[in-house]
Amino acid sequence: MTFRPDVQLDPSQVEDVRGQGRLGGRGVVLGGGGAIGLIVTLIYLLAGGSLDPSSIGAPPAGVNYGPGSSALAEECKKGADANRAEDCRIVGYVNSIQAYWKDAFARSSQTYSPATTVLFTGEVDTGCGYATSDVGPFYCPEDKRVYLDLAFFQQLRTQFGAKGGPFAVAYIVAHEYGHHIQDLMGTLQGGTASSGPSGQSVRIELQADCYSGIWANHAAATGFLNPLSDSEIAQALDAAASVGDDRIQAKVQGRINPDTWTHGSAAQRQEWFRTGYKSGVPDDCDTFASNP
């Protein structure tokens, strides 16, 4: 994937707190905080681990949460910068994703409320509570922000077996913004507690995958990106499969238990991304109408 080299980037849509963390948490990310993520410590949970919400609701002693500054405004000005540096690519993806959804909402006589992406390293305190990188990329409905530790994209290759590539990253960022769209539309109000291949949690995650595909269909039209190639779409489909519940369960515990799925199988995740990409129409992402 390449960005149009002269397109103007807006780094104000991305906040860089790497090495610093954030204050202002309410509740906890796991055990009741409501964060919606691509993984959400799935490996740990599938391995039989248990979570004590009281132990993760506050950051550990010694974490520096002092004020800091971001170099993104200086480093990420044009599409050429996004072609050069990973953090600038994130800025470019976020700009393109939000440009599409702003226009889509306007066409439906609605107003899109933008969401900031926060880049962090290791640990961060959010509106949904304290979280570590183990959670993976996630969206917090409480503060309406997307949280990314860029080290996850290396883990996607080394731990989850994905082939990687720029559009694998784009798929994940667009998936998290899919949760923001769900939040704006009220889809998340019913909760995500029900698991299993047809449960509420899986349907929500598959719809976010579909919304990711919707953006991919329109990515070039936003003016930030050149037209997508078949190999770039293959990168997204490969990443979607690598974080399927069945793939992760097989790797971690050597067996597959669909009753505990929270994000959908590899085939489901690929199917719904592909549905969004081929259609380009958000209304076609209704994962709640029938068995996903």
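Residues numbered from 1 in each chain as written. Predicted model: local features only at pLDDT ≥ 70, side-chain atom pairs only at ≥ 80, totals over all residues. Heavy atoms only, no water.

**Brief notes about the packing of aromatic side chains**
Rules: What counts as a ring pair is set by centres within 6.5 Å for rings of Phe, Tyr and Trp (its six-membered ring), and what kind of pair is set by the plane angle: stacked under 30 degrees, edge-to-face over 60, tilted for all other angles. The helix count covers DSSP runs of H or I at least four residues long, the strand count covers runs of E at least two residues long, and both are numbered beginning at the N terminus. Relative accessible area decides the class of each residue, using a 1.4 Å probe on protein chains only: under 20% of the type maximum gives buried, over 50% gives exposed, and in between gives partly exposed.
This structure, assessed with the given rule, holds nine aromatic pairs. Between Trp101 and Tyr211, the aromatic rings sit 5.4 Å apart at their centres with planes inclined by 75 degrees, giving edge-to-face as the arrangement. Taken together, the residues Trp101 in helix α5 (residues 86-107) and Tyr211 in helix α8 (residues 200-218) connect sequence positions 110 residues apart. Look at Tyr211 and you get buried, because its relative accessible area is 4%. Summarising the aromatic geometry, the rings of Phe273 and Tyr277 are spaced 6.4 Å apart at their centres and angled 5 degrees between planes, so their arrangement reads as stacked. Taken together, the residues Phe273 and Tyr277, both in helix α11 (residues 266-279) and four residues apart, mark about one turn of the helix. Overall, the relative accessible area of 1% leaves Phe273 in the buried class.

**Examining the packing of α5 against α8**
Heads up, the rule is: Fitted lines through C-alpha atoms serve as axes, helices being fitted only where they are in contact, and the angles separating the N-to-C directions of these axes extend from 0 to 180 degrees. Should an angle fall under 35 degrees it is called roughly parallel, over 145 degrees roughly antiparallel, and 65 to 115 degrees roughly perpendicular, with every other angle called oblique. Throughout, a residue-residue contact means that at least one pair of heavy atoms, one from each residue, lies within 4.5 Å. Residues were grouped as follows: Ala, Val, Leu, Ile, Met, Phe, Trp, Tyr, Cys and Pro as nonpolar; Asp, Glu, Lys and Arg as charged; and all remaining residues, including Gly, as polar.
For the pair α5 and α8, interaxial distance at closest approach is 10 Å and the crossing angle is 95 degrees. Here α8 runs roughly perpendicular to α5, going by the angle between their axes. The residues of α8 that touch α5, namely those facing Ser96, Ile97, Tyr100 and Trp101, are Tyr211, Ile214, Trp215 and His218. Residue classes in the contact of α5 with α8 are distributed as six nonpolar, two polar and no charged.

**Some details on the layout of surface pockets**
Quick note on the threshold: Think of a 1 Å grid over the protein atoms and nothing else: a 1.4 Å probe that fits but is trapped marks a cavity, an open set flanked by protein within 12 Å on at least five of seven lines marks a pocket, and residues with an atom within 4 Å of a point count as lining. Grid points are joined across faces, edges and corners, and a volume is the space filled by probe spheres set on the points.
Its volume calculated, the second largest pocket comes out at about 270 Å³. Forming the boundary of the second largest pocket are 14 residues, of which Trp101, Ser108, Met185, Pro282 and Asp283 lie nearest the centre. Those elements that place two or more of their residues in the lining of the second largest pocket are α5 and α8. Top contributing element to the lining of the second largest pocket by residue count: α5, with four residues. Of the residues belonging to the lining of the second largest pocket, the class tally is eight nonpolar, three polar and three charged.

**Overview of the packing of helix α9 (residues 230-242) against α11**
In a packed pair of helices, the relevant descriptors are the angle between the two axes and the axis-to-axis distance. The following threshold applies: Handedness of a crossing is defined here by the sense of rotation of the near helix relative to the far one, left-handed for an anticlockwise turn of less than a right angle and right-handed for a clockwise turn.
Where α9 meets α11, the closest approach of the two axes is 7 Å, and the angle between their N-to-C directions is 145 degrees. In this structure, the crossing between α9 and α11 has a hand that is right-handed. For the pair α9 and α11, the contacting residues are Ile233, Ala236, Leu237, Asp238, Ala240 and Ala241 in the first and Ala266, Arg269, Gln270, Phe273, Arg274 and Tyr277 in the second. Tallied by class, residues from the contact of α9 with α11 come to eight nonpolar, one polar and three charged.

**Quick word on the environment of Ala170**
Along the chain, Ala170 falls in helix α7 (residues 166-185). Taking relative accessible area as the criterion, Ala170 reaches 0% and is therefore assigned buried. Considering only alpha carbons, one finds Ala170 and Tyr93, 77 residues apart in sequence, at a separation of 6.3 Å.

**A short note on the side chain of His263**
As a reminder of what qualifies: Nitrogen and oxygen atoms within 3.5 Å of one another constitute a polar contact, given that in protein one can donate a hydrogen and the other can accept it, and given that sequence-neighbouring residues count only through two side-chain atoms.
One can find His263 in the loop between α10 (245-253) and α11. At 2.7 Å, the side chain of His263 forms a polar contact with the side chain of Thr262.

**Details of the state of the cysteines**
Spelled out, the test is: Criterion for a disulfide: a pair of cysteine sulfur atoms at a distance within 2.5 Å.
Scanning all chains against the criterion turns up three disulfides. A disulfide bridge connects Cys210 with Cys285, and the sulfur atoms are separated by 2.0 Å. Every disulfide takes its handedness from the sign of the S-S torsion; for Cys210 and Cys285 that torsion is -75 degrees, giving left-handed. A residue pair is termed long-range when its members are at least 10 positions apart, and Cys210 in helix α8 and Cys285 in the segment after α11 qualify at 75 residues.

**Some remarks on the pairing of strand β3 (residues 116-119)**
Test applied: When DSSP finds two or more bridges between a pair of strands, those strands are recorded as paired.
Where strand β1 (residues 14-16) and β3 come together, three bridges link them in parallel fashion. Paired with Val14 across the bridge in β3 is Thr117. In the sheet, β3 pairs with strand β7 (residues 145-148) via four bridges, with the strands oriented parallel. Looking at the pairing, Thr116 lines up with Arg145 of β7.

**A short note on α7**
Using the following cut-off: Given the number of residues in a helix, its expected span is that number minus one, multiplied by 1.5 Å.
The terminal C-alpha atoms of α7, which comprises 20 residues, lie 29 Å apart, in line with the 28 Å expected from a rise of 1.5 Å per residue. Burial analysis of α7 places 17 of its 20 residues in the buried class, the great majority of the element.

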